[in-house]
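Single-letter residue listing:
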Amino acid sequence: MTALDQQLTRLSFLAPDIISAIIDGSQPENLTGRRILRMGNIPLCWKAQRAMLGFS
């Protein structure tokens with residue numbers, strides 16, 4: 001598995017409402033795709049993801 005594959009796989013574990021917000025462009029201003037891909041460990045827990053990514 002390449003590094004890009006690993007990064008994209010991490011994105012597939014994001015909470016559905018976070019993905020929808022990103023697609024709609026309504027995510028927090030400082031949340032970019034680049035920032036998400038650079039994050040080390042995104043939690044699997046959707047509630048923890050929301051807090052980490054600024055959706056709380």
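Residues numbered from 1 in each chain as written. Predicted model: local features only at pLDDT ≥ 70, side-chain atom pairs only at ≥ 80, totals over all residues. Heavy atoms only, no water.

Regarding its fold elements, the protein chain presents 4 helices and 0 strands. The helix and strand sequence of the protein chain, counted from the amino end, reads α-α-α-α. Nonlocal contacts in the protein chain, meaning residues at least 24 apart in sequence, comprise 63% of its contacts between residues at least 6 apart. Split by element, the accessible area of the protein chain, about 4,000 Å² in all, is 58% carbon and sulfur. (Helix = DSSP H or I, 4+ residues; strand = E, 2+ residues; numbered from the N terminus. Contact = heavy atoms within 4.5 Å. Areas by Shrake-Rupley, 256 points an atom, 1.4 Å probe, with all protein chains shown as cover.)

Here Q49 lies in helix 4 (residues 46-53). Apart from residues lying up to four places away in sequence, Q49 is in contact with F13, L14, A15, I18, I42, P43 and L44.

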